[in-house]
Amino acid sequence: MKNKKKVLKNKKILLGVAGGVAAYKSVDLVRRLKDEGASVNVIMTDASKNFITPLSLEIAAGNKVYSNLFDDPMSHINLPKETDIMLIAPATANIIGKFANGIADDLLSTCFLSFKGRVVIAPSMNWRMYDNPIFQENLRRLTAYGIIQVGPDKGTLACGEEGIGRMADVSEIIETIKSAFSKKDFFKKKVIVTAGPTREYLDPVRFLSNRSSGKMGYALARACIRRGAEVILVSGPSNIEKPHGLKAFHTVETTREMRDEVFKSLPATDVVIMAAAPADFSPEKEEKAKIEKSGRLSVNFKSAPDILSELGKLKNKPFLVGFAAETGRRLDRAKEKLIRKNADIVVFNDVTAPCSGFDVDTNKITIIRKNKELSLPVMTKDNAAEAILDAVSGAIGKQGGRQPIRKLRANRRRR
Ligand code: PMT
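Enquirer: Would you take a moment to explain the pairing of strand S5 (residues 118–123) for this structure?
Expert: Two faces, one strand: in a regular strand the side chains alternate between the faces of the sheet. Of all 6 residues that make up S5, 5 are buried, and the element is covered over most of its length. Note: strand S4 (residues 85–91) against S5, 5 bridges, orientation parallel. Within S5, the residue paired with Leu87 across the bridge is Val120. Of the pairings in the sheet, the one linking S5 to strand S6 (residues 148–149) comprises 2 bridges and is parallel in character. Each residue of the ladder has a partner; that of Ile121, found in S6, is Gln149.

Encoded structure:
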């Protein structure tokens, strides 16, 4: 695949594995970081070796695993010097206590003290330890120094009890690391993203829908979060994992429901990205009972609400990004949609082209503005999302005649 740009490509990560039961997840974490293009050095505390062997991590990382402060007396200086970001997962109460109090009595804690870059910690422990005010004070001290915390989650803990203390999901940790490397040009911007298909019911068991999986919309929601936005995701039926860090998540079935959720969330919104594939038609009548099988069935359809067009008609509309799903290279139709729906950007994708459109991890897009277009090669939907946000950010920055976002918000409050 062309243009397989990865956010973590060539990034050097120093992973500290402390002695908690979640240490077994570190192997998966290392693999996933490497899949994202990073290189990983691992430091294990002595206690962590009770849960996992250095060999497993050495194989996953493809690098020697470090542990002893005195094997190489300069490793606590040299390892951090070669590191872009330090990640401690799992971060136990013990290692957090050492970090917060400047204790440096092993390789991991000395590396932490000598490291000059960003540090992410993924706490993991029993809820009783997590609740302890001394631990909470240590955690507060670290976050006050700018250390980024991810998790912990609530759920069943290793001891069988329910409570807070589970290490964050590996995917959430990876998103946090990616976010630490992302520009924050959407900081505090309120963005609504729609994703997935809608369903228009003929009767209680049958509906009209389409092949949208939600992948493009969810990739956009994740990218907006990484870049600092407050994101509301309005999603049709999809099997994709809900992105971490959303401000709100609304699931809908019909185009009418999607329209209503978008409009409910609209006040003070800066950007709406309509990546969903809402149905254009709905049956004139939804039968209350299952339609019995017979020789033929004719159904009359009426138009479903056109959400993007409705948004485009608003007096103080937010910045609008639409998509154009076309069969064939019909850029002319995408340009016509830009004008007709009064969008600021339309992203053309040919849903019949290989590796593009519905239910694949890649897309081939052309980003269209009034007097500009940018055709991009096939790329992952994550990278396509980044490219779309670059275009939005560039356009908002040069909005010339348009009202600046803060003024728009103020006007809306006054109405
Ligand atoms: O979900 P995936 O499997 O990842 O697939 C991604 C995608 C192909 C669905 C996505 O990239 C895409 O093209 N989404 C738009 C699909 C679509 O409805 O295209 P359209 O050309 O029919 O609509 C134009 C625009 O109007 C779109 O922004 C659409 O969200 C919006 N629309 C359409 C119909 C409708 N009733 N209301 C709308 O707001």
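Enquirer: Explain the pairing of strand S14 (residues 271–274) to me, please; I cannot follow it from the model alone.
Expert: Alternating residues of S14 divide into Val271 and Ile273 and Val272 and Met274, and every residue in both groups is buried. In terms of strand pairing, strand S9 (residues 190–195) meets S14 through 4 bridges, oriented parallel. By the bridge assignment for S14, Val193 is matched with Ile273. With 4 bridges joining them, S14 and strand S17 (residues 319–326) adopt parallel strand pairing. Across the sheet, the residue bridging to Met274 is Gly322, located in S17.

Enquirer: Would you take a moment to explain the site of the ligand for this structure?
Expert: Taken together, 30 residues sit near the ligand, with Ser212, Ser213, Lys337, Asn349 and Asp359 positioned nearest. Ser212 places a polar side-chain atom, nitrogen or oxygen, 2.6 Å from an oxygen atom of the ligand. Out of a free accessible area of 770 Å², the ligand has 96% covered by protein chains. According to the grid-proximity analysis, the pocket containing the ligand is the largest pocket. Those elements giving two or more residues to the shell around the ligand turn out to be helix H9 (215–226), helix H11 (307–312) and S17. When grouped by side-chain class, the residues that make up the shell around the ligand number 15 nonpolar, 8 polar and 7 charged.

Enquirer: In this structure, what is going on with the domain arrangement of the protein chain? I would like to understand it.
Expert: Accessible area lost upon the coming together of the parts serves often as the stated size of an interface. Taken domain by domain, the protein chain consists of domain 1 (12–181) and domain 2 (190–283 + 301–414). Look at where the C-alpha atoms of domain 1 and domain 2 centre, and you get two points 37 Å apart. Each partner contributes to the interface: domain 1 provides 6 residues, whereas domain 2 provides 4 residues. Taking both sides of the interface into account, the surface hidden between domain 1 and domain 2 amounts to around 500 Å²; carbon and sulfur atoms contribute 48%. The interface formed by domain 1 and domain 2 contains 1 salt bridge. In this structure, Arg226 and Glu175 form a salt bridge, with 3.0 Å as the shortest nitrogen-oxygen distance. At the boundary of domain 1 and domain 2, one finds 2 residue pairs in polar contact (both at pLDDT 80 or more). Split into classes, the residues belonging to the side of domain 1 that touches domain 2 amount to no nonpolar, 2 polar and 4 charged.

Enquirer: Is there a simple way to explain the pattern of salt bridges in this structure?
Expert: Here the idea is simple: oppositely charged side chains can pair when their charged atoms come close. As enumerated under the stated definition, the model contains 29 salt bridges in all. A salt bridge links Glu175 to Lys178; its shortest N-O distance comes to 3.8 Å. Here Lys178 and Glu175 lie together in helix H8 (residues 170–181), a separation of 3 residues that amounts to about one turn. Grouping residues by exposure puts Glu175 and Lys178 together as buried. Across the pair Arg227 and Asp390 runs a salt bridge whose closest N-O atoms are separated by 2.7 Å. Note that Arg227 is positioned in the loop between H9 and strand S12 (230–235) and Asp390 in helix H13 (residues 381–397), a separation of 163 residues in sequence.

Enquirer: Would you mind going over the environment of Met74 with me for this structure?
Expert: Examined against the element boundaries, Met74 turns out to sit in the loop between strand S3 (65–66) and helix H3 (75–81). Overall, the relative accessible area of 43% leaves Met74 in the partly exposed class. Each C-alpha atom, one on Met74 and one on Ala223, is 38 Å from the other, the two residues being 149 residues apart in sequence.

Enquirer: In this structure, what is going on with the side chain of Lys341? I would like to understand it.
Expert: Among the structural elements, Lys341 can be located in the loop between helix H12 (331–340) and strand S18 (345–350). Within the local environment of Lys341, its side chain forms a polar contact with the side chain of Asp306, the two groups lying 2.8 Å apart.

Enquirer: Explanation requested: the sheet that holds strand S2 (residues 39–44) in the structure shown.
Expert: Adjacent strands of a sheet pair through backbone hydrogen bonds, lying either parallel or antiparallel. Reading across from one edge, S3-S2-S1-S4-S5-S6 is the order of the 6 strands in this open sheet, with parallel pairing throughout. Here the strands that pair on one side only, and so sit at the sheet edges, are S3 and S6. Relative to S3, S2 is paired through 2 bridges, and the arrangement is parallel. Looking at the pairing, Ile43 lines up with Tyr66 of S3. Sitting on the sheet, helix H2 (residues 54–61) touches strand S1 (12–17), S2 and S3, and the angle it makes with S2 is about 170°.

Enquirer: What should I look at first to understand the side chain of Ser26 in this one?
Expert: Relative to the helices and strands, Ser26 resides in helix H1 (residues 26–35). Taking relative accessible area as the criterion, Ser26 reaches 0% and is therefore assigned buried. Setting aside chain neighbours within four positions, we find Ser26 in contact with Leu15, Val17, Leu57, Ala89 and Pro90.

Enquirer: When you look at the layout of surface pockets in this model, what are you seeing that I'm missing?
Expert: Once rolled over the atoms, a probe with the size of a water molecule shows which space is left empty. Looking at the largest pocket, its volume works out to about 880 Å³. Ala276, Ala277, Pro278, Phe323 and Ala325 are, among the 40 residues lining the largest pocket, the residues nearest its centre. For the lining of the largest pocket, the secondary-structure elements that each account for two or more residues are H9, H11, S17, H12 and S18. Broken down by element, the lining of the largest pocket gets its largest block of residues, 5 residues, from S17. Among the residues forming the lining of the largest pocket, the class breakdown is 18 nonpolar, 11 polar and 11 charged.

The rules behind each value
What you see as residue numbers is a count from 1 along each chain, following the sequence as written. At least 70 in pLDDT is required for a residue's local features to be given in this predicted model, at least 80 for side-chain atom pairs to be given and counted, and no such filter applies to totals for whole chains, interfaces and linings, which use all residues. Computation of side-chain values covers all heavy atoms of the structure but excludes hydrogens and water. When accessible area is computed with a 1.4 Å probe and restricted to protein chains, residues below 20% of their type maximum are described as buried, those above 50% as exposed, and intermediate ones as partly exposed. Helix and strand assignments come from DSSP, with helices taken as H or I runs of at least 4 residues and strands as E runs of at least 2, each series counted from the N terminus. Strand pairing is defined by DSSP finding a minimum of two bridges between the two strands. Neighbouring residues are identified by heavy atoms, a residue being near a molecule or strand if any of them is within 4 Å of it. Contacts described as polar in this section are N or O atom pairs within 3.5 Å, which, within protein, must combine one atom able to donate a hydrogen with one able to accept it, while residues neighboring in sequence count only if both atoms come from side chains. Exposure was quantified through the Shrake-Rupley algorithm and a 1.4 Å probe, taking into account, for residues, occlusion by the shown protein chains and nothing else. Both cavities and pockets are sets of points on a 1 Å grid over the protein atoms alone; in a cavity a 1.4 Å probe fits but cannot get out, in a pocket the set is open with protein on both sides within 12 Å along at least five of seven lines, and lining residues sit with an atom within 4 Å of a point. Just a note on the criterion: a molecule sits in a pocket or cavity if more than half of its atoms are within 2 Å of the grid points. Residues are grouped as follows: Ala, Val, Leu, Ile, Met, Phe, Trp, Tyr, Cys and Pro are nonpolar; Asp, Glu, Lys and Arg are charged; all remaining types, including Gly, are polar. All the domain ranges listed were derived from an automatic or database domain assignment. Residues count as neighbours in contact if any of their non-hydrogen atoms are within 4.5 Å of one another. When two parts are brought into contact, each loses some accessible area as probed by a 1.4 Å sphere; the total of that loss over both is the buried area. A pair is scored as a salt bridge if a Lys or Arg side-chain nitrogen falls within 4 Å of a carboxyl oxygen belonging to Asp or Glu. The angle between two axes is taken between their N-to-C directions and runs from 0 to 180 degrees, where each axis is a line fitted to C-alpha atoms and a helix contributes only its stretch in contact. Grid points are joined across faces, edges and corners, and a volume is the space filled by probe spheres set on the points.

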